[in-house]
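Coordinate inspection notes
Chain residues, written in single-letter form:
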Amino acid sequence: MPRGYKPIGRVMAQVAMVMNLDKCIGCHTCSVTCKQTWTNRTGVEYAWFNNVETKPGVGYPRRYEDQEQWKGGWMLDKRGRLVLRSGSRLGRLASLFSNPDLPSIDDYYEPVTYDYDNLVSAPAGQDVPVARPRSVLTGRPTSITWGANWEDGLGGAPEHGAGDPNLGGELAEKVRFEFEQTFMFHLPRLCEHCLNPACVSACPSGAMYKRAEDGIVLVDQDRCRGWRMCVTACPYKKVYINHATGKAEKCTFCFPRIEAGQPTVCSETCVGRLRYLGLVLYDADRVGEAAAVPDEKDLLDAQRNVFLDPADPEVRAAARASGIPEDWIDAARRSPVRALISEYKVALPLHPEYRTLPMVWYVPPLSPVLDAVGEAGGDADDPDHVFAAVTRLRIPLEYLANLFTAGDADVVAGVLMKLTALRSHMRSRTLGEEGEEAALAAVGLTPAQAEDMHRLLAVAKYADRYVVPAAHKEDAAALGAMENRCPVETSGEAAPGGAGRKVMLGLPALRRRSTASDNPAGEPA
């Protein structure tokens, strides 16, 4: 047995997403279609399960990334144990009826409607009647001072941009919000459906749960008591409280569509075709250890090491033993998400330092490299000059590192150099010249890999971008009636070294996929 070999534990499947930020044009189509599908009712007017933020900016809700204020995600205590940043179980119990770490409606925005009746009932006269805004919450006249996309296109950046938590320290001085110097890119956000979800662990009533069959994190509305600890614990602030029902709601990853083998609504309607959906196989027994590595900059590699290669015969055998169907294993092998995360390693997680092991990853945006080369007086055909320009791009590496790699700018630079080499190689091929094989070799890519990566990132068809196997019809009864237990940290603490005391959740709404031994005849239950 090779030195350092770790036997494969319990293999589980997770539906995951990757977004290529170079393709996002900030059209908000994904946000609008998600809104119309999931939150077009009373009580969640202010909630956007999917929203598109302009970076730099304070985001939605305001400064949600400032965990010193909001106490979201996990942290390591003095003994190296993984604990919720929101406090111990006893501390959460003490603040059950008065949670001090919740965003207010002003941090989101006050939802409004308009006095449309005034347009038709106003008396005749010289003045043109107007429909004035009224608060949905109070019914009183109000004014619109903030919104989920208030900073869209840097609209509010000169006034609010400096409040972006990612601009701390010297970076705040480096980034100037002036027309000729500023930068921006769009960041679509939704629930991360984490491998180590803090919201599930913080829920006092056990209403938050992670589905065993596909890893989607949901809320059991029957069990939810509106304690709002999940809102505090989620570092991405993607759990909302319906003010009409008093219960928590969140992104469902469009699980009815996923079960039918269809992509999420946000993916289906994405104008830029920047979203990729697929299955990832992972070792559930390594999750606690990966989330508890001491150095935050090691979290990226630790999470990648949790993922398994579905082409490995040993992994496939372990997956079958865990009850994962053969077509799901094959879908994991063809998954574009797995390719971008583990094979090409160009996708990065959003704020890995929160230690939730998020499962919505991003290909970071690449500024116009050749422009930077020209401005520096370099040769656009020289790979050394092109790579050197990556460190002088309009979007600072440090800013991207604060978003995607817990501050490790070298990792971001490596990804951008890989994308730069790919562009240079394909540009040469398009012009009928020899490909930039030297540039590819410098970043660890072969021409064949470059062709495959280009096909996936640039011209992939629908079936290549969305590899989502449907739930088995023979498992329908099992998904609706059988109980399963998924290993998730619920005690709020883990043992030193990340081994963790894992409490097994036994929630009525947490199901498992049936196996052949459950239904030997292969007939619908």
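Quick caveat, the model's predicted, so the values are computed rather than measured. (Residues numbered from 1 in each chain as written. Predicted model: local features only at pLDDT ≥ 70, side-chain atom pairs only at ≥ 80, totals over all residues. Heavy atoms only, no water.)

**Focus: the sheet that holds strand β1 (residues 11–20)**
Strands in a sheet are paired, the pairing made by backbone hydrogen bonds, and the direction either parallel or antiparallel. If you walk across this open sheet you meet the four strands as β12-β1-β14-β13, and the pairing is mixed. Two strands lie at the open edges of the sheet, namely β12 (275–283) and β13 (348–349), each paired on one side alone. Pairing of β13 with strand β14 (residues 360–363), which is carried by two bridges, proceeds in the antiparallel orientation. Bridging from a neighbouring strand, P349 pairs with W361 of β14. (Pairing = 2+ DSSP bridges. Helix = DSSP H or I, 4+ residues; strand = E, 2+ residues; numbered from the N terminus.)

**Focus: the packing of helix α14 (residues 313–321) against helix α15 (residues 326–333)**
Following both chains from N to C, one finds α14 and α15 inclined at 140 degrees, their axes separated by 10 Å at the closest point. As far as their axial angle goes, α15 and α14 are oblique. At the point where α14 passes α15, the crossing takes the right-handed sense. Counted together, R316, A319 and R320 of α14 and E326, I329 and R333 of α15 form the full contact between these two elements. In the contact of α14 with α15, the residues fall into two nonpolar, no polar and four charged. (Axes fitted to C-alpha atoms, helices over the stretch in contact; angles between N-to-C directions. Parallel < 35°, antiparallel > 145°, perpendicular 65-115°, else oblique. Left-handed = near helix turned anticlockwise from the far one by under 90°. Contact = heavy atoms within 4.5 Å. Nonpolar A, V, L, I, M, F, W, Y, C, P; charged D, E, K, R; others polar.)

**Some remarks on a negative patch on the surface**
Taken together, the side chains of D295, E296, D298 and D301 make up a negatively charged region of the molecular surface. Locating D298 in the fold gives a position in the loop between α12 (287–291) and α13 (299–306). Classification of D298 as partly exposed rests on a relative accessible area of 40%. (Patch = residues over 30% accessible without salt bridge, like charges linked within 9 Å, V, L, I, M, F, W, Y side chains within 5 Å. Areas by Shrake-Rupley, 256 points an atom, 1.4 Å probe, with all protein chains shown as cover. Salt bridge = Lys/Arg side-chain N within 4 Å of Asp/Glu carboxyl O. Lys, Arg positive; Asp, Glu negative; His and termini not counted. Charge placed at Lys NZ, Arg CZ, Asp CG, Glu CD. Buried < 20%, exposed > 50% of the residue type's maximum accessible area, 1.4 Å probe, protein only.)

**Focus on helix α16 (residues 336–343)**
In an α-helix there are 3.6 residues to a turn, and that puts residues three or four apart on one side. With six of its eight residues buried, α16 lies for the most part within the structure. Where α16 is concerned, the buried positions are P336, V337, R338, A339, L340 and I341. A positive phi of about 55 degrees marks K345, the residue just after α16.

**Details of the side chain of E249**
In this structure, E249 sits in strand β11 (residues 248–250). For E249, a relative accessible area of 10% corresponds to the buried category. Those residues in contact with E249 that sit more than four places away from it in its chain are R41, V44, F49, Q221, K238, V239, Y240 and N242.

**Remarks on the state of the cysteines**
Using the criterion set out here, one finds zero disulfides in the structure. C230 provides the cysteine sulfur closest to C224, a residue in no disulfide bond, and the two sulfurs are 6.3 Å apart. Here C266 stays free of any disulfide, with the sulfur of C254 as its closest cysteine sulfur at 6.0 Å. (Disulfide = S-S within 2.5 Å.)

**Observations regarding the pairing of β1**
Taken across its 10 residues, β1 has 10 buried, putting it largely inside the fold. By the alternation rule, side chains of β1 split into V11, A13, V15, M17 and M19 and M12, Q14, A16, V18 and N20, which are all buried. Across nine bridges, β1 lies against β12 in antiparallel orientation. In the sheet register, Q14 faces β12, and the bridge partner there is V280. Summarising the sheet, β1 and β14 pair through four bridges and their orientation is parallel. Looking at the pairing, M19 lines up with Y362 of β14.

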